[in-house]
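Examination of the molecular architecture
Listed below are the residues making up each chain.
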Amino acid sequence: MKEFEKKGFSIIKINKEKKISSLRAKFISIFSKISELNNCGKVNNDKKILQLYKKKKKLWVGAYDQIRLLPELHSLIDEDFLNKIKNVSGIKIPAFTSKPIVRVYMPKNIGTTKTVPHIDYPSHRGSKNAVTVWFPLQSLNSKSGTLMVLPGSHRFKTISGSIERGTVKRLDISNRDYENQMEHLILKSGEAIVMSQFLVHSSGNNSSDMIRFSIDFRLNDLSEKSYALRKYYVNQISYYRKR
Ligand SMILES: [Fe+2]
């Protein structure tokens, strides 16, 4: 918990490598299922998912929209996982801010909009101690791209303007000069990052030939008083993209 308070994030071991690799295989099987049932052949590896994306994008999108709704996702985020998050973050009564999100970063970033450094809190405006949890469905390396964080940035007020006011340091996230201070978190399968929703972070490029699958979800703390005083405000988020 001390590390979390100081740096704004912690890496935890969730030790579910078998479940994680079978979930990745299940995702691939859904791309295959939609392709086969539409007479477009088997899709049994990352390379073929890329071909499906290039040649039959609507099928690819159909599968992508469904993999995030698989029940296996929820069995992965179990009591043991939640207890580990509670231990490092101090959250007492966790509640999802929204559904878990599956991200599919295609090789060479094809079809991916680059994420710029940002904080997650404004999208949710939940409890002050809300966290984002992110984990990959395969071990990462510098080629596959990583999650990047700016350690300690959760303690700054983050605004889009460069201002020093009193003792509060305000970080200008529209200024890219700090990007070389960002830490690349090269997680192994079975590891997850728990971070404050005020921590500046972004997602790295995938320059490998493999797809980078990852899952992220966000938790509020229902025991946090100011959040209760705001009547557990929930920001309405659209779960489905337009096709
Ligand atoms: Fe984010």
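Details of the structure are given in the entry above.
Now for a look at the structure at hand. All figures in this text were calculated on a predicted structure; none of them were measured in a lab. (Residues numbered from 1 in each chain as written. Predicted model: local features only at pLDDT ≥ 70, side-chain atom pairs only at ≥ 80, totals over all residues. Heavy atoms only, no water.)

Brief notes about the coordination of the iron ion
Here the iron ion is held by the protein donor atoms His118 (NE2), Asp120 (OD) and His201 (NE2), which lie 2.2 Å from it. Mapped onto the sequence, the donors of the iron ion take the spacing H-x1-D-x80-H. Here aspartate 120 is found in the loop between strand 3 (101-105) and helix 7 (121-124), whereas its partner histidine 201 is found in strand 11 (residues 201-203), with 81 residues between them in sequence. Each member of the pair, aspartate 120 as well as histidine 201, carries the same accessibility label: buried. (Donors = N, O, S within 2.8 Å, 3.2 Å for Na, K, Ca; no water. Helix = DSSP H or I, 4+ residues; strand = E, 2+ residues; numbered from the N terminus. Buried < 20%, exposed > 50% of the residue type's maximum accessible area, 1.4 Å probe, protein only.)

A short note on helix 6 (residues 79-89)
Those residues of helix 6 that sit buried are Phe81, Ile85, Val88 and Ser89. Viewed along the axis of helix 6, the buried residues span an arc of 85 degrees, placing them on a single side of the element. Those residues of helix 6 that are exposed and angled more than 90 degrees off the buried face are Glu79 and Asn87. Tucked into the core, helix 6 has its buried residues touching helix 1 (2-7), strand 1 (9-13), helix 5 (71-76), strand 4 (131-136), strand 10 (191-196) and strand 12 (212-221). In the stretch just after helix 6, glycine 90 is the one whose phi turns positive, near 85 degrees. (Arc of directions from axis to C-beta. Contact = heavy atoms within 4.5 Å.)

A word on the sheet that holds strand 11
Picture the strands of a sheet paired through backbone hydrogen bonds; they go either parallel or antiparallel. Taken together, the three strands give an open sheet; going across it, the order is 9-5-11, and neighbouring strands pair in antiparallel fashion. The sheet terminates laterally at strand 9 (183-185) and strand 11, the two strands that pair on one side only. For this sheet, the mean angle separating the axes of adjacent strands, direction not counted, is 30 degrees. Bridging between strand 5 (residues 147-149) and strand 9 involves three bridges; their strand directions are antiparallel. In the strand pairing of strand 9, leucine 147 is matched with leucine 185. (Pairing = 2+ DSSP bridges. Axes fitted to C-alpha atoms, helices over the stretch in contact; angles between N-to-C directions.)

What to know about the environment of leucine 59
Along the polypeptide, leucine 59 turns up in helix 4 (residues 57-67). Residue class for leucine 59 comes out buried when judged on its relative accessible area of 14%. Residues leucine 59 and serine 32, 27 residues apart in the sequence, show an inter-C-alpha distance of 9.7 Å. With sequence-adjacent residues up to four places away left out, leucine 59 is seen in contact with Ile34, Ser35, Asn38, Cys40 and Leu52.

Some thoughts on the packing of aromatic side chains
Tallied over the entire structure, the rule returns nine aromatic pairs. With centroids separated by 5.9 Å and ring planes inclined at 40 degrees, the aromatic side chains of phenylalanine 31 and tryptophan 60 adopt a geometry described as tilted. Taken as a pair, phenylalanine 31 in helix 2 (residues 17-37) and tryptophan 60 in helix 4 lie far apart in primary sequence, 29 residues in all. With respect to class, phenylalanine 31 is no different from tryptophan 60; both count as buried. Judged by centre distance (4.8 Å) and plane angle (85 degrees), the ring pair of tyrosine 53 and tryptophan 60 falls under edge-to-face. An identical accessibility class is assigned to tyrosine 53 and tryptophan 60; each is buried. Connected via pairs of aromatic rings, a cluster forms that spans Phe31, Tyr53, Trp60 and Tyr64. (Phe/Tyr/Trp six-rings, centres within 6.5 Å; stacked < 30°, edge-to-face > 60°.)

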